Amino acid sequence: MEWIFEGLGTALITLIIGLFTGGTIGYRIGIKKSKVIQKQKAKNDAKQIQIGKDFHGR
């Protein structure tokens, strides 16, 4: 019965480290890919339209 729980601690530690590392790397990739450079031609409080890709699905 001991052999069932023998590698359980190592598996849990590996899972936690993997989730943390994967989440960090995924977050950094998501931040780098979602940067959008926009230029404003009108003055402040002007109504404008957006041409191009819509990243938020609206």
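All values derive from a computational prediction rather than experimental measurement. (Residues numbered from 1 in each chain as written. Predicted model: local features only at pLDDT ≥ 70, side-chain atom pairs only at ≥ 80, totals over all residues. Heavy atoms only, no water.)

Asks: Quick question: what am I supposed to make of the overall build of the chain here?
Replies: Helix and strand counts for the chain come out as 2 helices and 0 strands. When the 58 residues of the chain are sorted by exposure, 0% land in the buried category. Summed over its atoms, the accessible surface of the chain is roughly 6,400 Å², and 62% of this surface lies on carbon and sulfur atoms. (Helix = DSSP H or I, 4+ residues; strand = E, 2+ residues; numbered from the N terminus. Buried < 20%, exposed > 50% of the residue type's maximum accessible area, 1.4 Å probe, protein only. Areas by Shrake-Rupley, 256 points an atom, 1.4 Å probe, with all protein chains shown as cover.)

Asks: How should I be thinking about a nonpolar patch on the surface in this particular structure?
Replies: A contiguous nonpolar surface patch, about 520 Å² in accessible area, is contributed by F5, L8, L12, L15 and L19. If one sorts the elements of the nonpolar patch by residue count, helix 2 (residues 8–33) sits on top with 4 residues. Note that L8 resides in helix 2. Here L8 falls in the partly exposed class, since its relative accessible area comes to 42%. (Patch = residues over 30% accessible without salt bridge, like charges linked within 9 Å, V, L, I, M, F, W, Y side chains within 5 Å. Salt bridge = Lys/Arg side-chain N within 4 Å of Asp/Glu carboxyl O.)

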